[in-house]
Amino acid sequence: MKQTLLAIGCILYTGHAAAISAGEYMAKVSDCAACHTAEGGKPMAGGKAFATPLGNIYATNITPDKTSGIGQYSYEDFEKAVRQGIAKDGHPLYPAMPYPSYARMSDKDIHDLYDYFMKEVPAADVKNKENDIPWLLSARWPLHIWNWLYVEDAHPDNRALKTTAQDKELLARGAYLVEGPGHCGACHTPRGVSMQEKAYDGNSDIYLSGATIDGWYAPSLRNISMSSEELKDLLQMGRSQHGAISGPMSEVVTQSTQYLTDGDLDAISFYLLSFNHKNSTPVAKDGSISYSPTDGKTLYSMYCSTCHGDDGKGKDFTVPSLVNNSIVMAKDPASLISVIYQGAQTPQTKGNISFRMPAYKDSMSADEITNVVNYVRGNWGDGAPPMSKDDVTKYKKAQE
Ligand code: HEC
Ligand code: HEC
Ligand code: HEC
């Protein structure tokens, strides 16, 4: 059974890899569809809403349609939009569009992208939604200031990479993919007062140090305690021997990282794991119970242990381990609470069955969720303090 599935996976994989152009590959790596394709909508015809304190703004139609899309964009116009955040008519784009990261992309990759959008993406005459923020359209000047402050004209080649000659290429490619097209910092780097990511590359300690987005916590990628094989599996299949992906990261895997070549996944893993300066071999904490308020433990046995095990270690390749798990160890409990509240599902990727965790929003009270969260964090968290019911209610509200 397993072998058949693997075989099917391989066929799908090679079939796909052969069919795709350099520009389409770059569009996957950059995950343009994440924002520019609405759920159930035509590819790249726009739609995803971004809530800002001032109202919603919408990702636009970027199909080559001449009236509704970017069919009138020359290569220069396109380059300016994607790398500098300036639309054809000169207005600055709202930074939900991750151009500060795309600014790092090479000319070749931008050319390939342009060819793909102009020649391969089907034109769709879907009108752009009006932004709900009136002043954005009439007076976008504050964004010019934003651009001036934060968009660096950085190129991957002129950054100092601290490394041995042998690994330099892998590290440079990994840095390029993560900091550039992959725009991983858009979720994993904390943002400052004016929405800018606090750092855009690995030279800063803040870069990829973890951030809250939409009721989830995107954990720090600077001290990942897994092997590069496991990390690659997570990005390619949405699950690994001990881990699984959930929440907004599932979309990233489904729409982007599952399509990356082995070489590019190697490079990303190499780069991310290079942050683990501490020379630490990940030591699995043993699952011994040190903090066990009775109801937390009882609730855990009732609701969780059938799948995750009494020792929290889960089942290889099926149920993720809660031991050494960044969601559980994060100081910010947003993702842990969201997973329990909404349930989770491993992303659907090629040749990979999706496993599901049930949602507990209707079966557990805020008290019970509080106790089980404290039990899980008390055992396998990284010294994270207990939560009060009020804290948990606050996070529950954010999910509604
Ligand atoms: C995280 C979300 C996000 C991603 C990823 C993203 N965009 Fe955007 N993009 C937006 C938003 C939002 C706007 C509209 C901004 C505004 O109106 O100020 C936009 C605007 C644009 C525009 C200007 C279009 C116009 O109507 O003038 C272009 C061109 C564009 N994006 C291309 C791309 C390409 C190419 C990619 C992938 C390489 C991409 N975007 C990835 C969110 C995103
Ligand atoms: C749209 C927001 C978003 C983007 C973009 C994003 N991530 Fe994530 N990521 C998350 C969230 C939220 C989580 C926590 C959920 C989970 O662990 O499944 C996460 C978790 C992860 C994990 C699991 C961490 C662990 O220790 O278990 C890895 C690895 C990861 N992301 C890598 C990346 C890489 C590499 C990129 C860029 C290619 C990226 N992410 C881009 C939101 C995002
Ligand atoms: C029916 C089996 C099942 C039960 C019961 C279950 N889980 Fe899960 N759980 C899973 C699966 C499968 C995943 C992987 C889904 C994903 O995140 O992609 C998961 C994911 C998680 C994650 C996210 C791990 C990660 O790295 O993304 C956490 C945390 C978690 N479960 C905690 C719990 C807690 C606490 C309970 C009890 C309240 C519970 N689970 C009950 C099967 C289960």
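Residues numbered from 1 in each chain as written. Chains lettered and ligands numbered in written order. Predicted model: local features only at pLDDT ≥ 70, side-chain atom pairs only at ≥ 80, totals over all residues. Heavy atoms only, no water.

Quick notes on helix H13 (residues 262–273)
Move 1: Relative to the 16 Å expected for 12 residues at 1.5 Å per residue, H13 spans 16 Å between its end C-alpha atoms, a close match to the ideal helical length.
Move 2: Turning to H13, its buried residues are Asp264, Leu265, Ala267, Ile268, Ser269, Tyr271, Leu272 and Leu273. (Helix = DSSP H or I, 4+ residues; strand = E, 2+ residues; numbered from the N terminus. Expected span 1.5 Å × (residues − 1). Buried < 20%, exposed > 50% of the residue type's maximum accessible area, 1.4 Å probe, protein only.)

Let's talk about the packing of helix H11 (residues 228–237) against H13
The packing of two helices is summarised by the inter-axis angle and the distance between the axes.
Move 1: As a packed pair, H11 and H13 sit with axes 9 Å apart at the nearest point and diverge in direction by 125 degrees. Regarding the angle of H11 to H13, the classification is oblique. Crossing hand, H11 versus H13: right-handed. In this structure, H11 contributes Ser228, Leu231, Lys232, Leu235 and Gln236 to the contact, and H13 contributes Asp262, Leu265, Asp266, Ile268, Ser269, Leu272 and Leu273.
Move 2: In the contact of H11 with H13, the residues fall into 6 nonpolar, 3 polar and 3 charged. (Axes fitted to C-alpha atoms, helices over the stretch in contact; angles between N-to-C directions. Parallel < 35°, antiparallel > 145°, perpendicular 65-115°, else oblique. Left-handed = near helix turned anticlockwise from the far one by under 90°. Contact = heavy atoms within 4.5 Å. Nonpolar A, V, L, I, M, F, W, Y, C, P; charged D, E, K, R; others polar.)

So, the site of ligand 2
Move 1: The immediate surroundings of ligand 2 are formed by 21 residues, with Cys184, Cys187, His188, Ser246 and Met249 found nearest.
Move 2: At 2.6 Å, a backbone N or O of serine 246 approaches an oxygen atom of ligand 2.
Move 3: In the model, an oxygen atom of ligand 2 is placed 2.9 Å from a nitrogen or oxygen of the serine 326 side chain.
Move 4: If you list the elements that add at least two residues to the shell around ligand 2, you get helix H10 (185–188), strand S4 (216–218), helix H12 (248–255) and helix H16 (326–329).
Move 5: For the shell around ligand 2, the per-class residue count stands at 17 nonpolar, 4 polar and no charged. (Near = heavy atom within 4 Å. Polar contact = N/O pair within 3.5 Å; in protein donor to acceptor, adjacent residues only side chain to side chain.)

Concerning the coordination of the iron atom of ligand 3
Move 1: The iron atom of ligand 3 binds to the protein through His308 (NE2) and Met357 (SD), with metal-donor distances spanning 2.0 to 2.1 Å.
Move 2: Coordination at the iron atom of ligand 3 comes from 6 donor atoms whose angles at the metal span 86 to 179 degrees, giving a geometry best classed as octahedral. Linking histidine 308 in helix H15 (residues 305–308) with methionine 357 in strand S6 (residues 356–357), this pair joins segments that are 49 residues apart in sequence. (Donors = N, O, S within 2.8 Å, 3.2 Å for Na, K, Ca; no water. Tetrahedral: all angles 85-135°; square planar, octahedral: opposite > 155°, others 65-115°.)

Here we look at the coordination of the iron atom of ligand 2
Move 1: Donor atoms from the polypeptide that coordinate the iron atom of ligand 2 comprise His188 (NE2) and Met249 (SD), at 2.1 to 2.2 Å from the metal.
Move 2: Judged by relative accessible area, which is 24%, methionine 249 ranks as partly exposed.

Notes on the site of ligand 1
Move 1: If you check the shell around ligand 1, you find 26 residues, and the closest are Cys32, Cys35, His36, Tyr73 and Met97.
Move 2: Contact between ligand 1 and threonine 60: an oxygen atom at 3.2 Å from a side-chain N or O atom of the residue.
Move 3: Here tyrosine 73 contributes a side-chain N or O atom positioned 2.4 Å from an oxygen atom of ligand 1.
Move 4: Broken down by secondary-structure element, the contributors of at least two residues to the shell around ligand 1 are helix H3 (33–36), strand S2 (55–58), helix H4 (75–84) and helix H6 (107–119).
Move 5: When its residues are assigned to classes, the shell around ligand 1 shows 20 nonpolar, 4 polar and 2 charged.

Looking at the UniProt feature "binding site: heme c 3" (unreviewed entry) in the protein chain
Move 1: The UniProt record marks Cys304, Cys307 and His308 with the feature "binding site: heme c 3" (unreviewed entry), using the residue numbering of this structure.
Move 2: Examined against the element boundaries, cysteine 304 turns out to sit in the loop between helix H14 (294–303) and H15.
Move 3: A residue is classified by how much of its surface remains accessible, and cysteine 304, at 16% relative accessible area, is buried.
Move 4: The exposure class assigned to histidine 308 is buried, which follows from its relative accessible area of 11%.
Move 5: In this structure, histidine 308 is in contact with Tyr300, Lys313, Gly314, Val319, Pro320, Leu322 and Met357, ignoring residues within four places of it in sequence. (UniProt positions renumbered as here; feature names shortened; annotations may be inferred.)

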